[in-house]
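For reference, the chains in residue letters:
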Amino acid sequence: GRHGVLTEQTAYAAVSDAMVVKARMKARANPARRVGRVRTPCRPGRPRRFPTSSPSNRFPRGATPPRAQAQAADAGVESGTKEEGFDFSRTQGRSFLPLAKVVDQEAIKTALLLGAVDTDIGGVAISGRRGTCKSVMARGLHDLIPPIEVVKGTWCNADPSKPDEWEEEVSLAVEAAGGEVETEVRKAPFIQVPLGITEDRLVGTVDMEKSIETGKTVFQPGLLAEAHRGILYVDEINLLDEGIANLLLSVLSDGVNVVEREGISISHPCRPLLIATYNPEEGPIRQHLLDRVAMTLSSDVELSLEDRVDVVDIATRFADFAQEVIQETDEETEQARTQVILAREYLKEVVIGEKQVEYLVNEALRGQCQGQRAELFAIRVAKAHCALNGRDRVEEEDLRKAVELAIIPRATVLDNQPPQEEQPPPPPPPPQDEMPEDQEEEDEPEEEDEDDDEDEEQEPDQIPEEFVFDPEGVVMDPSVLQFANQQKNNSGKSGRAKNLIFSEDRGRYIKPMIPKGDVKRLAVDATLRTAAPYQKPRRDRDIQKGNDPRPVYVDKSDMRSKKLARKAGALVIFVVDASGSMALNRMSSAKGAAMRLLTESYQSRDQVSIIPFYGEEAEVLLPPSKSIAMAKRRLDKLPCGGGSPLCHGLSQAARVGINAMSGGDVGRVMVVCITDGRANVSLGKSLREPDAIAEDAPKPSSDELKEEVLDMAKKIGAQGMQLLVIDTENKFVSTGVAEEIAQAADGKYYYLPNASEGEIAATAAGALADLKA
């Protein structure tokens, strides 16, 4: 039906009709088991908005199956009469632009349809800049998802055919009814995860109201339970809390949500189709997250002038006359929905050959994809694409689509693609008149023999004649290379989106936890949920003792504290060699670099400190600060000259870094040491130890001073600080000690003779960005 209501009996009419049609078609082509070879063209004059494949090997999409039409007519669907059941007509709630009205974006449309066919495919991620139709396409897919049949009374959309996944209450109710399972038809859920969601709302928690009423711990389902067998939509996933994103993808990959908290231990199935969208310009996204999503595509496609005009026309008319625009695509939407229903049935019997799997693995190896998720997802994509086209055996077209959607976005060789060269067109075939007569005569019996072989033997696995990637990892097809570059440029940056510090006193409330010692910030919600099941027995016990009942009974064991998180910047400590003739140049460069970093670090909350070492000791000339005025005031006078107490300078940097991290305002510490690595003052002398400053104290050798410095560098690395050594000495007199210092701390070494403030600032900023990643 197109405009009315679909009852429980007619909701699955298309599925049953699909089985009948499939059986007939198999009976006609039993030797090769070819299914869905006929294609019915769409209505004349109507452009096809959904992605299409080759003209052959397609399921008939032009008409609804006869049995479904008859049952829908009997139910009053075509006449638009209202009765109980599921309503496809969108008359309730907000309307969204149909997917068929989206201009271009064929790759993303195909990926979404494949996800509708196989919700276990692994999800779809869509990247793109502002206004590129990301959320519109995600919501438009909801209309193509068929309704689901669930056990009546379930809170996680339990499948009647899988009793081992039912909730305990549902199983007990069915048992009490003598084994009779009462079902109902629901619209497939579409659940959106808000950015500020807490772990309780996502996975589920204790229902305080019902727990107080019943005196037992009652589970309150979260969004993951509501989204089972439907769509779970995450907008701006790159801005989602890191812990929530990890938890979400972990549950989706396992297919089960296990909740063990606040006195409850429960698990339920969770297998929705994940659709995630993000804008790379608004924040980086970790590659680890993208790797766990099957298909990651970009919506940043270049539209022609005519396409842009069409977009404006459709958007304007939809804003003013939404129902008219929706009715224009009712037929295409109904056909696509029927196609999805039938494809789900075909998917159960789709077969992929061993050589075809080997082809996909070879493509992943040639593209240098990390891990094995690329080929695993590609196999599911190929099978879903095969089912969507009404076939039960994977063919060449399906393999190419799997490479395009699942392997190319993960390929790591796309950065080194050679420039495209114009290839000469192939030579034209010789005229028919010039062909030898013998060859023409020989061709005919060969074709007859081939036809006989096809009838006698089952056709072998179809594999593309050429690989997408050559052995060196170069994409050979120019059109595929253009598509690959488009996906690569919009896949986002790797690394963490934020640097967070967790504590119990300051920051944003993340989750409750069992306190260790005194409670600094009480998590009232979690405390009440923990105490809720015990309210009734505690009240009864208090009344028996003759006491007046209290509104709420909370014991110390019920207390839960808040786990808080806040953004933290980094601390850059400049340790500068201020001894010798080049001291003034080094200090001036370090001062300029520090001022540049402070100017650029307002939003990132980074701090800067400067520790020069000269004479017999090092001093903290500029404590960790974000103030530009304070830095200018402290750095007006630049001390220099004397010996080189390098070890004391590194020791001071370690102390400043440890104090900053313990204070809770700094998440990362990087020590930038500008030196040639030559030390001539021992740490004991800098610390004024009696044995080192005595008149008869032995002078340490250069090897002893070197070992002392290397040992201090190792301690800096062991504390989790990044050491960056900038060697400013001329090459012909350099001893290489500076590089050894960087290696001892597992840090980085740069050789920048006579480095300017710009070079030092750029080097430090680049290393700091890598540190935060």
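Analysis parameters
Residues numbered from 1 in each chain as written. Predicted model: local features only at pLDDT ≥ 70, side-chain atom pairs only at ≥ 80, totals over all residues. Heavy atoms only, no water. Helix = DSSP H or I, 4+ residues; strand = E, 2+ residues; numbered from the N terminus. Buried < 20%, exposed > 50% of the residue type's maximum accessible area, 1.4 Å probe, protein only. Contact = heavy atoms within 4.5 Å. Areas by Shrake-Rupley, 256 points an atom, 1.4 Å probe, with all protein chains shown as cover. Salt bridge = Lys/Arg side-chain N within 4 Å of Asp/Glu carboxyl O. Expected span 1.5 Å × (residues − 1). Axes fitted to C-alpha atoms, helices over the stretch in contact; angles between N-to-C directions. Parallel < 35°, antiparallel > 145°, perpendicular 65-115°, else oblique. Left-handed = near helix turned anticlockwise from the far one by under 90°. Phe/Tyr/Trp six-rings, centres within 6.5 Å; stacked < 30°, edge-to-face > 60°. pLDDT = per-residue confidence, 0-100. Patch = residues over 30% accessible without salt bridge, like charges linked within 9 Å, V, L, I, M, F, W, Y side chains within 5 Å.

### A closer look at the overall build of the chain
Item 1. Check the secondary structure of the chain and you find 29 helices and 23 strands.
Item 2. Split into buried and exposed, the 773 residues of the chain put 47% on the buried side.
Item 3. The contacts in the chain between residues at least 6 apart in sequence include a share of 78% that link residues at least 24 apart.
Item 4. With the model as given, the accessible surface of the chain reaches about 38900 Å², and the carbon-plus-sulfur share is 49%.

### Quick word on the pattern of salt bridges
Item 1. Scanning all chains against the criterion turns up 27 salt bridges.
Item 2. The salt bridge partner of R317 is E328, with a shortest N-O separation of 2.9 Å. Taken together, the positions of R317 in helix α12 (residues 305–320) and E328 in helix α13 (residues 322–328) put the pair 11 residues apart, joining distant regions of the chain.
Item 3. The class for E328 is partly exposed, based on a relative accessible area of 28%.
Item 4. A salt bridge links R391 to E397; its shortest N-O distance comes to 3.5 Å.
Item 5. For R391, a relative accessible area of 2% puts it in the buried group.
Item 6. Residues joined by salt bridges that share partners form a network here, namely K101, D313, R317 and E328.

### Considerations on helix α14 (residues 330–347)
Item 1. Between the first and last C-alpha of α14 there are 25 Å, a value that for 18 residues agrees with the 26 Å anticipated at 1.5 Å per step.
Item 2. Among the 18 residues in α14, 17 count as buried, and that is most of the element.

### Looking at the packing of helix α16 (residues 373–388) against helix α17 (residues 396–407)
Item 1. Two numbers describe how α16 lies on α17: the axes approach to 8 Å, and their chain directions differ by 135°. With respect to each other, α16 and α17 are oriented oblique. As α16 packs across α17, the resulting crossing turns out to be right-handed. Note on element contacts: α17 touches α16 through E397, D398, L399, K401, A402, L405, A406 and I407, opposite A374, F377, A378, V381, A382, H385 and C386.

### Overview of the packing of aromatic side chains
Both the distance between ring centres and the angle between the ring planes are used here to describe each pair of aromatic rings.
Item 1. The final tally for this structure, using the stated rule, is 2 aromatic pairs.
Item 2. Note on W155 and F219: the rings are 5.5 Å apart at their centroids and 55° apart in plane angle, and the pair reads as tilted. One end of the pair, W155, is in the loop between β4 (148–151) and α6 (168–176); the other, F219, is in strand β8 (residues 219–221), with 64 residues separating them in the sequence.
Item 3. With a relative accessible area of 21%, W155 lands in the partly exposed category.
Item 4. For F219, a relative accessible area of 14% translates into the label buried.
Item 5. When the ring of F190 is compared with that of Y233, the centres are 5.9 Å apart and the planes differ by 35°; the resulting orientation is tilted. Note that F190 is positioned in strand β6 (residues 190–193) and Y233 in strand β9 (residues 231–235), a separation of 43 residues in sequence.

### Quick look at the confidence of the model for the chain
Item 1. Per-residue confidence for the chain gives a mean pLDDT of 75; residues scoring 70 or more make up 72%.
Item 2. Between residues 433–457, whose pLDDT stays under 50, and residues either more than four places distant or in other chains, the model counts 4 contacts.

### Digging into the environment of L290
Item 1. Its location among the elements puts L290 in helix α11 (residues 287–291).
Item 2. We classify L290 as buried; its relative accessible area is 7%.
Item 3. Along the backbone, L290 and R410 are 120 residues apart, and their C-alpha atoms lie at a distance of 9.1 Å.

### Focus: a nonpolar patch on the surface
Item 1. Side chains of M208, I212, V519, L522, V524, L528, V552 and V554 sit close together on the surface and give an oily, nonpolar patch of about 560 Å² of accessible area.
Item 2. Only α8 (208–214) and α20 (524–531) provide two or more residues apiece to the nonpolar patch.
Item 3. Note on placement: L522 falls in the loop between β15 (508–513) and α20.

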